[in-house]
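Results of the structural survey
Chain by chain, the residues run as shown.
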Amino acid sequence: MKVGKDLESLDDNNIFRGLDNESILSLKGRRDTDMIDKLVPEKDTFKLTLRCIKLWAKNRGVYSNVIGYLGGVTWAMLVARICIDNPHMPAYKLLATFFEYYSTYQWGPTNPVTLCPLQDREAVPFAMDDMLFRDWNKAKMPIITPSFPNSNSSFNIMDSTKEAILTELEKGAIITKAICEGQNVEWKRLFKKFSFF
């Protein structure tokens, strides 16, 4: 694939015409991050909140798409959903809202987390491989990418990793609630490293 110098945007779905799956997925990754950037109202607050969530997830051992947890772009989508719903909230309150919201979320295939309306396969007038449309009908924690082709970014989640993520989200909710209520709890408690051994 060769990209012409006249390309101004990746937004047009016709950019996928004639591409192999690897090229489509490569472009889709960029389209997803561009879409997230367009959808969040306060970019600086989003970035700060996302940095905190990524640090928390890494320190608590629930950050890695490869081993069945959530990867960077998936955490970004979860943070973006909270920022979109609470556009003028400061970062520390967004963190508390994030943990409260997702620790009590009704996870399941009929209730996916989305950032915008989803497009169906008819969004392009040409054939695309079924593999590009990851099904979320049996997903444990469906989190759907914002750009076409919409797919489940949390397809690696298993029962055990879902349970670990929810446990850490619940702990995060307790800690951030205590901080926001002025109890004697410090932020470093949220980011305490998980002792694996």
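**What about the overall build of the protein?**
Helix and strand counts for the protein come out as five helices and zero strands. Along the protein, from the amino end to the carboxyl end, the secondary structure elements read α-α-α-α-α. The globule rule puts the C-alpha radius of gyration for 197 residues at 16 Å, and the 18 Å found for the protein is close to it. By its C-alpha atoms, the protein is 60 × 35 × 30 Å across when sized along the principal axes. The buried share of the protein, taken over its 197 residues, is 44%. Here the contacts in the protein between residues at least 6 apart in sequence split such that 63% fall between residues at least 24 apart.

**A look at the packing of aromatic side chains**
Per the counting criterion, the structure on display carries ten aromatic pairs. Considering the side-chain rings of Trp 75 and Phe 98, the 6.3 Å spacing of their centres and the 45° angle between planes classify their relative orientation as tilted. Separated by 23 residues along the polypeptide, Trp 75 in helix H3 (residues 72-85) and Phe 98 in helix H4 (residues 91-103) bring together distant segments of the chain. Between the aromatic rings of Phe 98 and Tyr 102, the centroid separation amounts to 5.0 Å while the plane-to-plane angle is 70°, which identifies the pairing as edge-to-face. On the criterion of helical spacing, the pair formed by Phe 98 and Tyr 102 is a turn pair, its members being four residues apart in helix H4. Take Phe 98 and Tyr 102: they sit in the same class, and that class is buried.

**Notes on unusual backbone geometry**
At the junction of Phe 148 and Pro 149, the peptide bond is cis and its omega measures out at -5° in the coordinates. Following the sequence through the fold, Pro 149 ends up in the loop between H4 and helix H5 (159-180).

**Examining the packing of H4 against H5**
Contact geometry for H4 and H5: axes closest at 8 Å, N-to-C directions at 140°. Classed by the angle they form, the pair H4 and H5 counts as oblique. Judged by the sense of rotation from one axis to the other, the crossing of H4 with H5 is left-handed. Where H4 approaches H5, its residues Tyr 92, Leu 95, Ala 96, Phe 98, Phe 99, Glu 100, Tyr 102 and Ser 103 are matched on the opposing element by Leu 166, Leu 169, Glu 170, Gly 172, Ala 173, Thr 176 and Cys 180.

**Considerations on helix H2 (residues 43-59)**
Because an α-helix completes one turn every 3.6 residues, residues spaced three or four positions apart along the sequence face the same direction. Helix length check: H2 (17 residues) gives 24 Å between terminal C-alpha atoms against 24 Å at 1.5 Å per residue, within 8%. Buried residues of H2: Phe 46, Thr 49, Leu 50, Cys 52, Ile 53, Trp 56, Ala 57 and Asn 59, and no others. Where the residues of H2 are buried, they touch helix H1 (21-39), H3, H4 and H5. One or two residues past the end of H2 sits Gly 61, with phi positive at roughly 75°.

Thresholds applied
Residues numbered from 1 in each chain as written. Predicted model: local features only at pLDDT ≥ 70, side-chain atom pairs only at ≥ 80, totals over all residues. Heavy atoms only, no water. Helix = DSSP H or I, 4+ residues; strand = E, 2+ residues; numbered from the N terminus. Rg over C-alpha atoms; globule rule 2.2 N^0.38 Å. Buried < 20%, exposed > 50% of the residue type's maximum accessible area, 1.4 Å probe, protein only. Contact = heavy atoms within 4.5 Å. Phe/Tyr/Trp six-rings, centres within 6.5 Å; stacked < 30°, edge-to-face > 60°. Axes fitted to C-alpha atoms, helices over the stretch in contact; angles between N-to-C directions. Parallel < 35°, antiparallel > 145°, perpendicular 65-115°, else oblique. Left-handed = near helix turned anticlockwise from the far one by under 90°. Expected span 1.5 Å × (residues − 1).

So yeah, pure geometry; function would need other evidence.
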